[in-house]
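Okay, here's what each chain looks like letter by letter:
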Amino acid sequence: MTRQERTPEPIAIIGMSCLFPRAQSVREYWGNIKGRIDAITEIPPTHWRPEDYFNADPKAPDQTYCRRGGFLPVTDFDPSEYGISPQALEAIDTSQLLGLVVASGALLDAGYGPDRTFDRSRIGVLLGLTGTLELVIPLGARLGHPIWRRALQQAGVPDEIARDVMANIAEGYVPWQENSFPGLLGNVAAGRIANRLNLGGTNCVTDAACGSSLSAVHLAVMELETGRADMVITGGVDTFNDIFMYMCFSKTPALTPTGDARPFSVDSDGTILGEGLGMVVLKRLADARAAGDHVYAVIRSVGTSSDGKGKAIYAPSATGQASALRRTYEEAKVTTDSVGMIEAHGTGTKVGDEIELTALKEVFQTPDRTEPWIALGSVKSQIGHTKAAAGAAGLIKAALALHHKVLPPTIKISQPNPQLLTPGCPFYLATELRPWFADAATPRRAGVSSFGFGGSNFHTLLEEAGPDKKTTDWDGRAEILAFSGATRQEVLARLDAFVKAPAGEPADIAAARARHQFRATDACRLTLVEEAGRTARADLLAAARTRLADPAGPASFQLPEGVWFSSTPGAEPAAVIFPGQGSQAVGMATDLVCAFPEAFDTVRDADRAVPGLAAAIYPRPTLDPALREQQDLALRATRVAQPALGAVGYGTFRVLQRFGFTPAATAGHSYGELPALCAAGAFDTDTLWKLSRRRGELMGQGSGDRGGMIAVAATRQAIAAVIAEEKLTISIANENAPEQTVLSGSTAAIQQAKAAFAARKIRATVLAVAGAFHSPLVSDAAEPFRAEVNKAGLRPTSLPVFANTTGQPYPADPATMADLLGRQLANPVRFVSLIEAMYDAGIRTFVETGPGNKIGGLIKAILGQRPHQVIAVDASAGKRFGVADLARALAALAALGHGVRLQDWEDGEARLASFKPRQRRM
């Protein structure tokens, strides 16, 4: 059977573990990728001294022109956990020791931890690793003592002094001992794992230079396909980032003189070195399904090739790379146009990137598609080139992208490589995080490339394990801490007990335990939100303690750092408010949609009802300002903006519901009334998308002068006076706040109004809208929309929905409801009356559910100094991490006494149930 006739068996990735720069877990690594964290730093003291070896001249002998890289964080290692004598540690390479940690973590993640009985005899360990290990350098250096002695003798140094000098030099290197030989061998990295974890399958390492990880994956897949193993731990290991490795890359030369890898950027000038370990647990997909294993993604095929005779042994070849790519897709019987993401080798060297792009375009470009459809990126921009572990870093990134249905970003791109701007190029640079929506008929697929010196080429095709986003993408970047008690002193005591938590207990488990013990019904409630990179836990706790310990302190307080406290009795009623047109923004709610299935599914369903909607909200990233402006304009179009706002606002509401938040009433501003009615049960989401689409179409169409709108910052009395004095043919469209009113009128009337208000130094802004909404000028749209509402049919709501037109709750009669909603778009939005009526009905907390925080500002202006709370789920309007903004909203609600389920944050209850103290692996 030829290779083309063979159909490879699908292989499941069921477990993952890693250590990479600034990441001690897969969760942290993935969070760093999504959060665009740059893990490249100056050379740490643990490695080598730049003052000894740095020279900006690339030709300086025995010196390097690069002083930055990606380095592993300090990692705890308990030798007794793996049955290793502490005395032997000095003679065992870091790769072997940390390899044990990562392999154990991968098995545990796969569900095959030390507390589970399973057949270990058919589990293999196949790792990518380059040659010998770092330990060989100092051990070999010790053997230079004859050269030292002769040099000292030739310099006339007396023998006694020479012996002391040589002893001092030798102390700078690790000494030889009986464990040194196995401790420096690369293959023992796999052998030690098999030995300590008692695994009986094949164990070996493969060396394909920077392609080593995927070469190991290739062999692991073959082990499984041939039935030689039932499970394999595979991936790559590289902790070799000492001066020797920098010298190797400096004299090629391949390192960046500016200190950053910029894959596929116009200004890419070299790679940057990184170190890391990444491992996955593989199993035949059928076996994994039968065993009930969790599957992150599926390996469909691995394509390989050699460059053959080329220009130089270290020079990459587009022909060789293209061969590996073609073989991958031919073997899997998958067309390249079904691939949505490529995690490239992408080292950031000018020659390497150019050749890789040439190969990729040769294989993927097709005359049938003219617009780019494949997100191209490389994690090396964030962690550096981790050499033997590079393929594993890309494989884990791609598997998580498929699992969570997101397209992760690549950083440090100033402008794309010109090859990416040629007509018909299938690739665009993935410079921003985006949800990955796909055609339901074709599974999401991603390719991962890794190439090595010597002409070794590897490409792996991954496919999603299922079309649905089933799990929340928790990554630990936003944490909620919560404490409650009968008195302030009791809360303070619990806070102090938390600070003195048992040594060794993980920070996320301690936080989950605190949330589990929190009770919103307690008299005193304290909540805090910790955001990675912005707020430190210790500082938050100290600030909260200082305020809480003050006996004269207020009954309630809020600190901008992320602290909320209240001792007011019981939660007062809360309402959800949905914003209207004007709040939309390209990329709105990206973080929530990427993280939460509820938000993702809502936007997906809306996109199926309104084709092209998701692409308008989350368009292809671009660094071209003109194209960005086009994307903004496209989303502003009424027929797109309104269903887009509905998708994002209602998706956000579903996320709040997931945490048990139940409003006492709902309302919306203008278009926002549609999702408000849906949230209250007046109709289902299918009807919401139909009505949203139709309302947007009707408001955006029409012949003749559709008029315009102008927002005026003045009291209604002052506005009325100007209208009367100037005899303006204009009407009130939105009564937004006591000193903010929007007027509608013909285009000419709007220009007259603008001049009239300017003459009186009254701030007035003409709005970018398609017509004079909420005025008689759009009555031609009101009638067909009312017919559409009548056809849809409405139900009595399960809770009050306050109407824009009347400011009062919707009536219970479906026919009257339909008439009121149908006439809404041609009648003024009486938002001031609406909020006043809600306040009179007892609502004291207003939760803005949708993009931005504009509505909250209006509510504050309306209610002034009266007791109330305004909470925006998107308080930073997309400027901060959206999940942290959500955390702050939930924390504020919990502190006010609302029964939100904080214990569900970061799947806290599940984490507590599954948490076990570390056990010996023997």
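Summarised in this report is the structure supplied together with it. The structure presented is a predicted model; accordingly, all values stated were derived computationally and were not measured.

**A short note on the overall build of the protein chain**
(1) Moving on: Across its full length, the protein chain holds 33 helices and 28 strands.
(2) Moving on: The C-alpha atoms of the protein chain give 31 Å as radius of gyration, which agrees with the globular expectation for 922 residues (29 Å, within 12%).
(3) Moving on: Its C-alpha atoms give the protein chain principal-axis dimensions of about 105 × 70 × 60 Å.
(4) Moving on: The burial tally for the protein chain puts 57% of its 922 residues in the buried class.
(5) Moving on: By sequence separation, contacts in the protein chain at least 24 residues apart represent 79% of the contacts at least 6 residues apart.
(6) Moving on: Only carbon and sulfur atoms are counted for the fraction: they give 53% of the accessible area of the protein chain, which is about 36,000 Å².

**Structural notes on the nonpolar core**
(1) Moving on: Counting 92 residues, the largest nonpolar core has Phe596, Phe683, Leu821, Leu886, Leu890 and Trp905 as the members making the most contacts within it.
(2) Moving on: At 11 residues, the largest contribution of residues to this core is made by helix 32 (residues 882–895).
(3) Moving on: Residue contacts for Leu821: discarding those within four places in its chain leaves Glu673, Leu674, Leu677, Phe683, Phe785, Val789, Leu794 and Tyr810.
(4) Moving on: Formed by 49 residues, the second largest nonpolar core is a distinct cluster that contains Ala297, Leu400, Ala430 and Leu462.

**Observations regarding the state of the cysteines**
(1) Moving on: Counted by the stated rule, this structure contains 0 disulfides.
(2) Moving on: Cys594 takes part in no disulfide bond, and the closest cysteine sulfur to it belongs to Cys18, at a distance of 20 Å.
(3) Moving on: Judged by its relative accessible area of 3%, Cys594 falls in the buried class.

**Considering the environment of Ala841**
(1) Moving on: Note that Ala841 resides in the loop between helix 30 (831–840) and strand 27 (845–848).
(2) Moving on: Residues Ala841 and Ile11, spaced 830 residues apart in sequence, show a C-alpha to C-alpha distance of 59 Å.

**A few points about a nonpolar patch on the surface**
(1) Moving on: Residues Ile161, Val165 and Ile169 make up a contiguous nonpolar surface patch of about 200 Å² in total accessible area.
(2) Moving on: Topologically, Ile161 is positioned in helix 6 (residues 159–170).
(3) Moving on: In this structure Ile161 comes out as partly exposed when scored by relative accessible area, which is 45%.

**Section: unusual backbone geometry**
(1) Moving on: Residue Pro253 is reached from Thr252 by a cis peptide bond, and omega for that bond is -10°.
(2) Moving on: For Pro253, the location among the structural elements is in the loop between helix 10 (243–250) and strand 7 (276–284).
(3) Moving on: At Arg22, a residue that is not glycine, the phi angle is positive and equals roughly 60°.
(4) Moving on: Even without a glycine there, the phi angle at Lys333 is positive, about 55°.
(5) Moving on: Following the sequence through the fold, Lys333 ends up in the loop between helix 12 (318–332) and strand 9 (341–343).

**A look at the packing of helix 12 against helix 13 (residues 350–364)**
The angle between the axes and the distance between the axes are what describe a pair of packed helices.
(1) Moving on: Interaxial distance between helix 12 and helix 13 falls to 8 Å at its minimum, and their mutual angle equals 40°. Taken together, the axes of helix 12 and helix 13 lie oblique to each other. Regarding helix 12 and helix 13, the two cross each other, and that crossing is right-handed. Taking contact as the criterion, the partners of Ala318, Gln321, Ala322, Leu325, Arg326 and Tyr329 in helix 12 are, on helix 13, Ile355, Glu356, Thr358, Ala359, Leu360, Glu362, Val363 and Phe364.

**With respect to the pattern of salt bridges**
(1) Moving on: In total, this model carries 51 salt bridges according to the counting rule given.
(2) Moving on: Note that Asp473 is salt-bridged to Lys34, the shortest N-O span being 3.0 Å. Of this pair, Asp473 sits in the loop between strand 15 (456–464) and strand 16 (478–485) while Lys34 sits in helix 1 (residues 26–34), and the two are 439 residues apart along the sequence. In terms of burial, Asp473 and Lys34 fall into one category: buried.
(3) Moving on: Residues Arg911 and Glu906 are paired through a salt bridge, measuring 3.6 Å at the closest nitrogen-oxygen approach.
(4) Moving on: The network of salt bridges with common partners includes Arg693, Arg694, Glu697, Glu788 and Lys791.

**Structural notes on the packing of helix 9 (residues 212–225) against helix 15 (residues 390–404)**
(1) Moving on: For the pair helix 9 and helix 15, interaxial distance at closest approach is 5 Å and the crossing angle is 70°. As judged from the angle between their axes, helix 9 and helix 15 are roughly perpendicular. Seen from helix 9, the contacting residues are Ser213, Leu214 and Val217; seen from helix 15, they are Ala390, Gly391, Ala392 and Leu395.
(2) Moving on: Tallied by class, residues from the contact of helix 9 with helix 15 come to 5 nonpolar, 2 polar and no charged.

**A look at the sheet that holds strand 16**
(1) Moving on: Read across the sheet, 4 strands follow the order 16-17-19-18 without closing on themselves; strand pairing throughout is antiparallel. The sheet terminates laterally at strand 16 and strand 18 (556–559), the two strands that pair on one side only. In this sheet, adjacent strand axes meet at a mean angle of 10° when their direction is disregarded.
(2) Moving on: Here strand 16 runs beside strand 17 (residues 524–531); their pairing, made up of 8 bridges, is antiparallel. Bridge assignment links Phe483 to a residue of strand 17, and that residue is Leu526.

**Some thoughts on the pairing of strand 18**
(1) Moving on: Of the two faces of strand 18, the one lined by Phe557 and Leu559 is fully buried and the one lined by Ser556 and Gln558 carries no buried residue.
(2) Moving on: Examined bridge by bridge, strand 18 and strand 19 (residues 563–566) share 4 bridges and lie antiparallel to one another. When the sheet's bridge partners are listed, Gln558 is paired in strand 19 with Trp564.
(3) Moving on: From the end of strand 18 to the start of strand 19, which pair antiparallel, there are 3 residues, and Gly562 there has a positive phi angle of about 125°.

**A short note on the sheet that holds strand 12 (residues 427–429)**
(1) Moving on: The 11 strands are arranged 5-4-6-7-1-8-15-14-9-10-12 in an open sheet whose pairing can be described as mixed. Every interior strand has two partners, whereas the edge strands, strand 5 (203–206) and strand 12, have only one. Geometrically, the sheet is characterised by an average inter-axis angle of 25° between neighbouring strands, direction not taken into account.
(2) Moving on: As paired strands, strand 8 (residues 297–306) and strand 15 are joined by 9 bridges and run antiparallel to one another. Following the sheet pairing, Ser306 is matched in strand 15 by Ser456.
(3) Moving on: Against the sheet, helix 8 (residues 187–196) touches strand 4 (123–128), strand 5 and strand 7, its axis set at about 155° to strand 5.

**Observations concerning the side chain of Thr666**
(1) Moving on: Mapped onto the elements, Thr666 comes out in strand 21 (residues 665–668).
(2) Moving on: Once you skip the residues sitting within four places of it in the chain, Thr666 turns out to touch Val576, Ala676, Ala679, Ala680, Leu799, Pro800, Val801, Phe802 and Met838.

**Examining helix 15**
(1) Moving on: The end-to-end C-alpha distance of helix 15 is 21 Å, a good match for the 21 Å that 15 residues give at a rise of 1.5 Å each.
(2) Moving on: When you tally the buried positions in helix 15, you get 15 out of 15 residues, the bulk of the element.
(3) Moving on: Immediately downstream of helix 15, the backbone of Lys405 shows phi near 60°, a positive value.

**Observations regarding the packing of aromatic side chains**
(1) Moving on: Per the stated rule, a full pass over the model turns up 20 aromatic pairs.
(2) Moving on: Aromatic pair Phe578 and Phe653: ring centres 6.0 Å apart, planes at 65°, arrangement edge-to-face. Here Phe578, found in strand 20 (residues 574–578), pairs with Phe653, found in helix 23 (residues 638–658); they are 75 residues apart in sequence, far enough to count as distant.
(3) Moving on: With a relative accessible area of 2%, Phe653 lands in the buried category.
(4) Moving on: In textbook terms, an aromatic cluster arises when at least three aromatic residues are bridged by ring pairs, as seen for Trp474, Phe596, Phe659 and Trp905.
(5) Moving on: Its end group placed over the ring of Phe557, Arg547 keeps NZ or CZ at 4.7 Å from the ring centre.
(6) Moving on: Across the ring face of Tyr839, the terminal group of Arg866 is positioned such that the distance to the ring centre comes to 5.3 Å.

Reading the values: rules and limits
- Residues numbered from 1 in each chain as written.
- Predicted model: local features only at pLDDT ≥ 70, side-chain atom pairs only at ≥ 80, totals over all residues.
- Heavy atoms only, no water.
- Helix = DSSP H or I, 4+ residues; strand = E, 2+ residues; numbered from the N terminus.
- Rg over C-alpha atoms; globule rule 2.2 N^0.38 Å.
- Buried < 20%, exposed > 50% of the residue type's maximum accessible area, 1.4 Å probe, protein only.
- Contact = heavy atoms within 4.5 Å.
- Areas by Shrake-Rupley, 256 points an atom, 1.4 Å probe, with all protein chains shown as cover.
- Core = buried A, V, L, I, M, F, W, Y, C linked by side-chain atoms within 4.5 Å.
- Disulfide = S-S within 2.5 Å.
- Patch = residues over 30% accessible without salt bridge, like charges linked within 9 Å, V, L, I, M, F, W, Y side chains within 5 Å.
- Salt bridge = Lys/Arg side-chain N within 4 Å of Asp/Glu carboxyl O.
- Axes fitted to C-alpha atoms, helices over the stretch in contact; angles between N-to-C directions.
- Parallel < 35°, antiparallel > 145°, perpendicular 65-115°, else oblique.
- Left-handed = near helix turned anticlockwise from the far one by under 90°.
- Nonpolar A, V, L, I, M, F, W, Y, C, P; charged D, E, K, R; others polar.
- Pairing = 2+ DSSP bridges.
- Expected span 1.5 Å × (residues − 1).
- Phe/Tyr/Trp six-rings, centres within 6.5 Å; stacked < 30°, edge-to-face > 60°.
- Lys NZ or Arg CZ within 6 Å of the ring centre and 35° of its normal.

Purely geometric stuff here, so don't read any function into it on its own.
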